[in-house]
Each structure stands twice: as structure tokens, then as C-alpha cells.
Amino acid sequence: MKADVLLGLQWGDEGKGKIVDVLTPKYGVIARFQGGPNAGHTIIFDGKKHVLHTIPSGIFRDDILNVVGNGVVVDPVIFKKEIEGLLESGVSPFDSLVISRKAHLIMPTHGLLDAASEMAKGKLKIGSTLKGIGPAYMDKTGRNGLRIGDIESAHFLERYALLRDKHVHMLVQFKDYKYDLSKAESDWLEAIEYLKKFKFIDSEHILNKELKEGRGILAEGAQGTMLDIDFGTYPFVTSSNTITAGACTGLGIPPNKIGEVFGIFKAYCTRVGSGPFPTELLEETGEKLRAAGFEFGATTGRPRRCGWLDLPQLKYAVMVNGVTQLCMMKADVLGEFDEIEVCTHYMHKGEKIDYLPYDIRPDEVQPIYKTIECWPGDLTRLRDVADIPASLNAYIKMIEDETGVPISILSVGPDREQTLILKSDLRNDT
Ligand code: GDP
Ligand code: IMO
Ligand code: MG
């Protein structure tokens, strides 16, 4: 048995949470492999909206093991809040959610360092979610970090204090940054105690055993390919590998045990935070997309920047991830338009190119568009593949031809039910 991977192909918020939830009944295990509470994965069913940050999106289905993998960074305070939210919704996650001992902890001082560093950057700030992600991964690669497994050690508090003091010392350089650590620290220590209600596991052993025994695993990514630390629009990226390879290092699953790779993308593009975005629409059309798609961040509530679909970017993401199946989201939002644009090429140093070059800042690349006839009207009630408008089928075919990968899921609304499975073996009844 192989593990499948599901991840974002653009700048995050593609709709990963929704599709993980849709596909979960096909699997026994859902495992988050990187990122932390910078993620916000929205799942809507039975008229209720749920937003998950650290917890895998399989949590609402019965008989599923949800694993927070070693590649994830966990903020105990946010984790506790998420659990309390689930309990309020009638979901008890105590038996179905486990955490890797090798996952790293986000400390309150990581959040402070994130905020101070962004403040010091001024106009050049990344636009971080300020959840302490960058500083926590810095401590991981700098070999200073605290891990979930350390909570079980008798020396945990001692080690915590040592690293906290190091951070406090680092914060001295940000002279204008004022903070008060005491309340955040007591909340954090209380949340550490709460975390002990969950099973800490050696997840790489469990996951490989599950594969051997034939229980399907779906690895859930966070963020998106253009936010990948290596392949994204560096330095305007997050601090982990969001691509398929990240599922191997973030879970301990060997590369030759990866099966299908589901690439999630919106029928247009969005980005939240700073950094290059070649097809961004800065005028009314962008605002129209934002309003129609309700493009506001699930974690920070910030308005998302909006733009047209970018094929060189999408093809790049398909390439670095080895995507085998595409899932196109938010096709209903484009129903607001008679015509849309799609970027097919860039002008780069006087040359027309169809790939993503090293630098995609506006002074380096200018998008070249083709106009596409749209599918005006309300798609949100569409349930039958036979009723897909011809112009939408043509859009699907164009993307399949350009990427060389089939679109197997079409999403026409935020609800679990507003999903068309175009590939029969993905249907839950097959
Ligand atoms: P994720 O981070 O990739 O899981 O995505 P987010 O949850 O941050 O953002 C996706 C947003 O789009 C959420 O508000 C979803 O409820 C919503 N959504 C997902 N699929 C669709 C769709 O097909 N149509 C519409 N209109 N909204 C969708
Ligand atoms: P999901 O999983 C969209 C963006 C931030 C910022 C940059 C770095 O919901 O798709 P960080 O907090 O990691 O230091 O921020 O990355 N970012 C996201 N954008 N969706 C996300 O997650 C994101 N996680 C981080 O806005 O530009
Ligand atoms: Mg999101």
C-alpha cells in the first residue's frame, strides 16, 4: 500500500481542508506533515463551518486516525483552543488524534520573535501570520528546539527556561519592541498540561506499519507550493517544505511509498501576505473576485489578494510535486463573470516564456493573457457531471492539456456536498 498526498498548488487557501474531508472515508489515517497554526483549513457540512489550524481535516469522520506528524510545529495554546472548539461541536478527539513525539513546540517567545522581526523589517515584512512559525523552525534547524517528546522528560521545564532566556536575550536587539511574557507563558504551561491528554507516538513507526497492513494514508499539506521554503517566492514564503517531498520528511514515509498526489488549486489565484503575484488584479476586478469568493484569511481574517489563474505557475507546481490528479476549487465564483483571463506565458527580459523563472517580481515578468468565455450563473447547485456547462468543460480541458494531469474533483461551493467527482474510483460509494 502507498500513501497519497494532498497539497496546495498556489499560495495557500486553495481549499485543501474541504477536499481532505471529502476524501477521508477512502482512508484509515489522515496525517498533517508540515506547517502549524499559520494554516486555516475550512470544512463546512450540515450548515456548520469549522476551521482547523493544527488538527488534521479527517477529524470529523468516524473511525479515522488523525496524526500530527513530526514535520508540524505545535502551539499548545492554539491546539487546546481547537480541541475546545471541537468538543463544543460534539466531536471528541481524544481517541482519534495523536501527536508525533518528534513534532516541535512553538513557544510564546517564538511568537514574540516573529512579531519583532516583522516590525523591524518594515516595508519588507513577509506578512507572516505571526504564529511563531519561522522562529520555531529556526530553532528546529538550529538544533535548539523543544519537541513534543520532551514534555515527557523530567528536565522539560529546565530546558524550556533555557531556550526562553535565549529568546529573551535575542529580543533585546529589537529596542522598540515592547512585550509582556508572563500571561502568555502561564497559558502556555497550562496548555502543555492539557496536551498530555493526548497520546504522543513515534509516528513514523505507526504510519509505516499502517501502510504494511494496508490501511490507507492521506498526507495533508498546509500552505501551498509558492510558499515552499525552497521552491516558493523566497523570501516571501513560510519556513517548511510544503511540497510532496515534505510529506516524506514530515511523516517518515519513504519516497517510493508515495502513491497519488492530489494537487488543489483555485480556478483563479489568491495570496495573503507580501510577495510577488504576477496575475494580481489591483483594480475593481480583483475586488469583485474577493467579494464573490469571500476571500478573507481563515486564520488572520486579512483580505486575500486576488488574480487570474497563472498557468506557468500551475505547471511549475505540478512539476515539483509530481501531481497525479488535480482538484479545481471555486469554479462557482467565476460564474460572476462573462469573460475571464488566464495567464499562459510571461514576458521575461524581452522574451515570451511559458515557465516560471527564478524571479517573478513585477519588474521581471509581465503576464500574457488569453481571454476565456465564462459560465455565468449559479453553479453552486450543480451535482451532476452531465450538467457541467460546456464553457466550464472547455476550461477544464484546457487546464488538463496544459498541465498533462486530469482534473478529478470539481468544487462548486464551500459545502462538503458541493463537490463533483469526475473520476469514478474516487467516489465514496465505489
Ligand atoms: P485551505 O487552507 O486550503 O484549507 O483553504 P481555506 O479554508 O483557507 O480557504 C478556502 C475557502 O474557500 C474557505 O472559506 C472554504 O470554505 C471556501 N471554499 C472551498 N471550496 C469552495 C468552492 O468550491 N466554492 C466556494 N465558493 N468556496 C469554497
Ligand atoms: P493554509 O494551510 C495562506 C503566508 C502568510 C505569509 C507567509 C509566511 O491555510 O493554506 P508564516 O506565518 O508562515 O510565517 O507566513 O505565508 N501563509 C499562508 N497563506 N494560507 C496559509 O495556510 C498560510 N500559511 C502561511 O500570509 O505571507
Ligand atoms: Mg487556509
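Look up a bit, the structure's there.
Sequence order as written defines the numbering, with residues in each chain counted from 1. All chains are assigned letters beginning with A, and all ligands numbers beginning with 1, in the order in which they are written. Side-chain atom pairs in this predicted model are given and counted only at pLDDT of 80 or more, local residue features only at pLDDT of at least 70, and totals for whole chains, interfaces and linings cover all residues. Only heavy atoms go into the side-chain values, all of them from the structure, while hydrogens and water stay out.

The subject of this paragraph is the overall build of the protein chain. In terms of helices and strands, the protein chain carries 11 helices and 20 strands. To get the radius of gyration, use the C-alpha atoms; to get the globule rule, take the number of residues to the power 0.38 and multiply by 2.2 Å. Relative to a compact globule of 430 residues, whose C-alpha radius of gyration would be 22 Å, the protein chain shows 21 Å and is just as compact. Projected onto its principal axes, the C-alpha coordinates of the protein chain cover approximately 65 × 50 × 40 Å. The contact definition used throughout considers only heavy atoms, calling two residues in contact when any of these lie within 4.5 Å. At a minimum sequence separation of 6, the contacts of the protein chain that also span at least 24 residues come to 76%. What sets the accessible areas is the Shrake-Rupley method with a 1.4 Å probe; for residues, cover comes only from the shown protein chains. Approximately 18,300 Å² of the protein chain is accessible, and the part contributed by carbon and sulfur atoms is 52%. Numbering of helices and strands starts at the N terminus; helices are DSSP runs of H or I of at least 4 residues and strands are runs of E of at least 2.

Attention now moves to helix H4 (residues 133-141). Categorising residues by exposure relies on relative accessible area from a 1.4 Å probe, with only protein chains included: less than 20% of the type maximum marks a residue as buried, more than 50% marks it as exposed, and the intermediate range marks it as partly exposed. Among the residues of H4, Ile-133, Gly-134, Pro-135, Ala-136, Tyr-137 and Asp-139 are the ones counted as buried. One or two positions beyond H4, positive phi appears at Arg-143, with a value near 65°.

In this section: the site of ligand 2. For this purpose, a residue is taken to be near a molecule or strand whenever a single non-hydrogen atom of the residue falls within 4 Å of it. Around ligand 2, the surrounding shell holds 21 residues, and the nearest of these are Asp-13, Lys-16, His-41, Thr-129 and Thr-238. Here a polar contact means two N or O atoms within 3.5 Å. Within protein one must be a hydrogen donor candidate and the other an acceptor candidate, and residues neighboring in sequence count only if both atoms are side-chain atoms. His-41 is positioned with one of its side-chain polar atoms (N or O) 2.7 Å from an oxygen atom of ligand 2. Here an oxygen atom of ligand 2 sits 2.9 Å away from a polar atom, N or O, in the side chain of Arg-302. Here ligand 2 loses 97% of its free accessible area of 550 Å² to cover by the protein chains. In terms of residue class, the shell around ligand 2 is built from eight nonpolar, 10 polar and three charged. Each residue is assigned to one of three groups, with Ala, Val, Leu, Ile, Met, Phe, Trp, Tyr, Cys and Pro labelled nonpolar, Asp, Glu, Lys and Arg labelled charged, and all others, Gly among them, labelled polar.

Across the junction of Tyr-234 and Pro-235, the peptide omega takes the value 5°, indicating a cis bond. Within the secondary structure layout, Pro-235 lies in the loop between strand S10 (217-220) and helix H8 (244-251). At Leu-130, a position not held by glycine, the phi torsion is positive, near 60°. Inspection of the secondary structure puts Leu-130 in the loop between helix H3 (108-121) and H4. Taking the relative accessible area as the measure of exposure, Leu-130 reaches 41% and is therefore partly exposed. Even without being glycine, Arg-143 reaches a positive phi, approximately 65°. With respect to the secondary-structure elements, Arg-143 resides in the loop between H4 and helix H5 (156-171).

Further remarks concern the site of ligand 1. The environment of ligand 1 is formed by 20 residues, the closest being Gly-15, Lys-16, Thr-42, Asp-332 and Ser-411. Contact distances for ligand 1 include 2.8 Å between a nitrogen atom and a side-chain N or O atom of Asp-332. Within the side chain of Ser-411, one N or O atom sits 2.5 Å away from an oxygen atom of ligand 1. Protein burial of ligand 1: of its 580 Å² of free accessible surface, 92% is covered by the chains. Every element with two or more residues in the shell around ligand 1 is listed here: helix H1 (16-23) and strand S3 (41-45). Along the lines of polarity and charge, the residues of the shell around ligand 1 split into six nonpolar, seven polar and seven charged.

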